[in-house]
Amino acid sequence: MMMQWSWRHLSRNLLLAYQSFGVVYGDLSTSPLYVYRSVFMGKLQDYQTEEAVFGVFSLIFWTLTLVTLIKYVFILLSADDNGEGGTFALYSLLCRHARFSLLPNQQAADEELSAYKYGPSAHVIASSPLKRFLEKHKKLRTTLLLFVLFGACMVIGDGVLTPAISVLSSLSGLQFTAKKLTGDEVLLMACVILVGLFALQHCGTRRVAFLFAPVVIIWLFCIFTIGIYNTIHWNPKILRALSPYYIYKFFRITGKDGWISLGGVLLCITGTEAMFADLGHFTALSIRMAFALVIYPCLVVQYMGQAAFLSKNLGSVETSFYDSIPNSLFWPVFVIATLAAIVGSQAVITATFSIIKQCHALGCFPRVKVVHTSRHIYGQIYIPEINWILMVLCLAVTIGFRDTTFIGNAYGIACMTVMFITTWLMALVIIFVWQRSVLLSIAFLVFFGSIEAVYLSSAFIKVPQGGWVPLVLSLIFMIIMYIWHYGTRQKYSFDLHNKVSLKWLLGLGPSLGIVRVPGIGLIYSELATGVPAIFTHFVTNLPAFHKVLVFVCVKSVPVPSVSPEERFLVGRVCPRPYRMYRCIVRYGYKDVQKDDGDFERQLIQSIAQFIMMEAEESSQYASSESSSLDGRMAVISTNAERSTTSLIVSEHEEDYGVTSTVQSSKSPSLQSLRTLYEDETPQVRRRVRFQLPQNPSMDLSVRDELMDLIQAKEAGVAYIMGHSYIKARRSSSLLKKIAIDIGYSFLRKNCRGPAVALNIPHISLIEVGMIYYV
């Protein structure tokens with residue numbers, strides 16, 4: 001049995017490793033097309049000697065080995081957040097092990113989630129002075145969030161720049177071969193290919209991976225073979241350059257000009273961050289296998305062979321890759337190189353979707369549509385709005401620059417900035433999550449941070465020559481993210497300070513001072529505790545309310561995913577005669593809320609289970625009624641086997657146009673309106689019916705409460721949401737007025753509404769307008 005499981009585990013990872021070639025490594029594996037050209041086209045033109053070529057290869061080899069292989073493959077992939085990677089995965093780990101999060105609706109119950117626990121218990125570092133210092137100062141926590149947002153924005157910038165440089169690099173080779181093509185014709189072809197590439201994204205990562213993976217594998221085989229041929233044929237002495245001594249010789253000869261050329265050398269590791277950011281689409285083992293066994297040796301051999309060729313053909317720097325190909329293999333390799341360069345952009349597009357989803361779940365990005373594209377790998381997603389925005393920006397960069405040199409300058413800054421931010425976050429993870437010594441964290445930060453700081457300083461010199469693009473894009477996206485996060489926190493703070501007191505609610509009595517009509521009212525609010533102000537706003541304007549009221553809070557927690565067994569937290573708001581409950585529905589930043597029409601059934605079953613569980617505990621411990629009031633929550637599993645202890649569920653299909661045999665309390669006019677709506681959307685639906693189990697020993701009050709719940713469900717479910725208008729107070733500063741009245745209001749009007757994001761049926765939706773002065 002163990003051997004069967006091991007073989008299944010290995011075969012699954014081998015399949016994922018195969019898919020990763022088409023998604024993760026396209027960009028990294030096509031870097032040999034332009035690295036040597038980028039290095040020697042600047043001030044290094046005066047140093048085109050054999051020693052300089054040996055020094056550049058040594059730099060490339062040790063950069064690939066230290067940054068990509070050791071830092072990312074062996075260290076960072078071990079810091080996954082339950083299988084999820086990227087800067088926000090590291091941030092969520094930090095928020096769970098120290099109070100760094102600025103999310104307002106976190107509860108102690110969230111820490112009981114199985115996915116919440118990671119590594120050793122938190123009490124070991126409870127007395128850490130550094131931890132207390134960071135938790136005490138809110139400005140430091142805000143700075144950390146801005147730091148993470150900046151890294152996320154740079155990944156989005158990569159998603160714009162990578163397709164542009166990949167496609168233009170491939171087609172510039174075509175222009176070099178077919179000299180009849182003009183620059184405008186090549187630009188038009190590039191734009192057509194880019195549109196086609198982004199149009200393919202809706203197929204999902206899995207289909208795109210199977211389509212692209214063979215291209216990358218053939219490409220890797222070609223560059224490996226050519227690299228061996230060039231090394232043996234031109235200059236086997238290049239093997240000596242594996243020694244870091246040649247790096248010292250290189251800088252001794254080139255000096256400051258050699259430091260400036262590092263902006264070209266760092267292009268050999270572009271796409272490395274995608275390995276970590278795309279981790280949710282694959283597994284750490286599959287990515288390690290693909291890189292260590294295939295990608296790394298192929299790239300080293302190719303760079304070595306190209307350096308061997310250049311050392312004997314110093315005049316071929318501009319077209320070193322194509323000139324190093326034997327004449328008989330030129331056209332086949334050229335076709336594969338063109339296809340592989342186009343595939344290279346897939347990795348960062350996929351990583352951008354993952355980053356945007358994580359930002360949205362942690363309250364740092366406006367609501368967008370997230371499509372789950374795979375039944376087997378839960379992290380594979382597609383975001384239509386972001387896909388088309390990336391396409392428009394990518395076309396603008398391509399048409400605006402038309403030159404891979406300028407785009408390469410921008411690309412180097414974006415990639416190295418993300419790596420530098422990741423290094424700082426990883427240093428904090430070593431202390432707070434892995435709970436290792438501060439000295440180890442400092443050693444990691446100094447070693448890798450110093451390497452990346454040198455590369456980053458070289459890249460920033462080229463800001464005027466195109467390097468400003470990722471900085472401007474990151475600034476725009478960062479402003480959007482922070483305004484959304486700030487507005488969300490201000491709105492929650494208003495709800496928190498204006499919530500209804502339980503004493504006022506108890507004073508109204510079980511009837512709430514109004515008529516209680518049959519049915520269930522689901523009142524949506526972001527509050528995890530207390531009764532929202534929208535409730536009093538509704539009660540004072542309408543003379544009736546539903547017999548069963550459920551305050552529903554759908555919230556994100558800083559974990560990748562929440563298992564269905566732990567998703568629902570159910571409690572009672574008032575004493576039993578009030579029939580008022582609270583249900584908190586928890587999702588992780590990796591979870592996708594599916595529109596499966598099963599939410600109502602799960603909600604009713606969860607409340608019924610809570611009623612039964614509460615009755616059992618009351619009989620055992622003789623607890624007072626007050627212990628069941630607001631604040632006491634229980635995790636309720638929606639597992640079908642466990643839920644049968646409370647209610648019996650039966651299902652049957654019926655057409656929308658057929659009159660239901662269930663007696664409804666709705667008036668004839670409302671029933672006719674609903675029938676008219678259903679006739680316009682004819683389809684077959686599943687009718688869920690609940691029945692009480694045959695249990696003579698069941699307490700009478702419990703049976704009455706369950707019967708009220710069933711009858712209310714049969715009468716109908718209404719979804720009540722606030723339609724809020726957020727405005728800054730008159731006494732607010734000018735900056736806050738601009739952020740709230742202009743920025744946040746614009747984003748709320750132009751993103752998906754909460755009802756759409758929560759998959760609430762339009763026919764059952766009631767919206768209550770409210771103005772928030774924050």
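Calculation notes
Residues numbered from 1 in each chain as written. Predicted model: local features only at pLDDT ≥ 70, side-chain atom pairs only at ≥ 80, totals over all residues. Heavy atoms only, no water. Helix = DSSP H or I, 4+ residues; strand = E, 2+ residues; numbered from the N terminus. Buried < 20%, exposed > 50% of the residue type's maximum accessible area, 1.4 Å probe, protein only. Contact = heavy atoms within 4.5 Å. Areas by Shrake-Rupley, 256 points an atom, 1.4 Å probe, with all protein chains shown as cover. Patch = residues over 30% accessible without salt bridge, like charges linked within 9 Å, V, L, I, M, F, W, Y side chains within 5 Å. Salt bridge = Lys/Arg side-chain N within 4 Å of Asp/Glu carboxyl O. Expected span 1.5 Å × (residues − 1). Bend = angle between axes of the 7 residues up to and from the residue. 1 Å grid on protein atoms, 1.4 Å probe; cavity = no way out; pocket = protein on both sides within 12 Å on 5 of 7 lines; lining within 4 Å. Points joined across faces, edges and corners; volume = space filled by probe spheres on them. Disulfide = S-S within 2.5 Å.

A.B. asks: Teacher, can you tell me more about the overall build of the protein chain here?
C.D. replies: Within the protein chain one finds 29 helices and eleven strands. Residues counted as buried form 57% of the 774 residues belonging to the protein chain. Pairs at least 24 residues apart make up 84% of the contacts formed inside the protein chain by residues separated by at least 6 positions. When the accessible surface of the protein chain is split by element, carbon and sulfur atoms take 62% of a total near 32800 Å².

A.B. asks: I keep staring at a nonpolar patch on the surface and nothing clicks. Help me out?
C.D. replies: Taken together, the side chains of V438, L439, I442 and V446 define a hydrophobic patch exposed on the protein surface, amounting to about 390 Å² of accessible area. Position of L439 among the secondary structure elements: in helix α20 (residues 438-460). For L439, a relative accessible area of 68% translates into the label exposed.

A.B. asks: Any chance you could explain helix α4 (residues 50-75) here in plain terms?
C.D. replies: One turn of the α-helix equals 3.6 residues, which is why residues spaced by three or four share an orientation. If you check α4, its first and last C-alpha atoms are 35 Å apart, about what 26 residues at 1.5 Å a residue would give, namely 38 Å. The sharpest bend along α4 measures roughly 30° and falls at L69. Taken across its 26 residues, α4 has 20 buried, putting it largely inside the fold.

A.B. asks: Just checking my understanding: could you explain empty space enclosed by the protein for this structure?
C.D. replies: Taken as a whole, this structure holds four cavities of 30 Å³ or more when the rule is applied. Taken as a whole, the largest cavity encloses approximately 90 Å³ of empty space. D158, G271, E273, A274 and V348 are, among the 14 residues lining the largest cavity, the residues nearest its centre. Elements with a minimum of two residues in the lining of the largest cavity: α7 (138-177), α13 (272-277), α17 (346-361) and α19 (404-432).

A.B. asks: Please clarify how the state of the cysteines should be interpreted in this entry.
C.D. replies: What we call a disulfide is simply a covalent bond connecting the sulfur atoms of a pair of cysteines. In the structure shown here, the tally under the stated rule is zero disulfides. Free cysteine C583: the closest other cysteine sulfur is in C553, separated by 9.3 Å. Given the relative accessible area of 0%, C583 is considered buried.

A.B. asks: How should unusual backbone geometry be read in this particular structure?
C.D. replies: Most peptide bonds adopt trans geometry, and most residues besides glycine take a negative phi value. In the Ramachandran plot, Q435 falls in the positive-phi region, its phi being about 60° despite a non-glycine side chain. One can find Q435 in the loop between α19 and α20. The class of Q435 is buried, set by a relative accessible area of 16%. Residue R579 is not a glycine yet carries a positive backbone phi of 55°. Relative to the helices and strands, R579 resides in the loop between β5 (568-572) and β6 (580-588).

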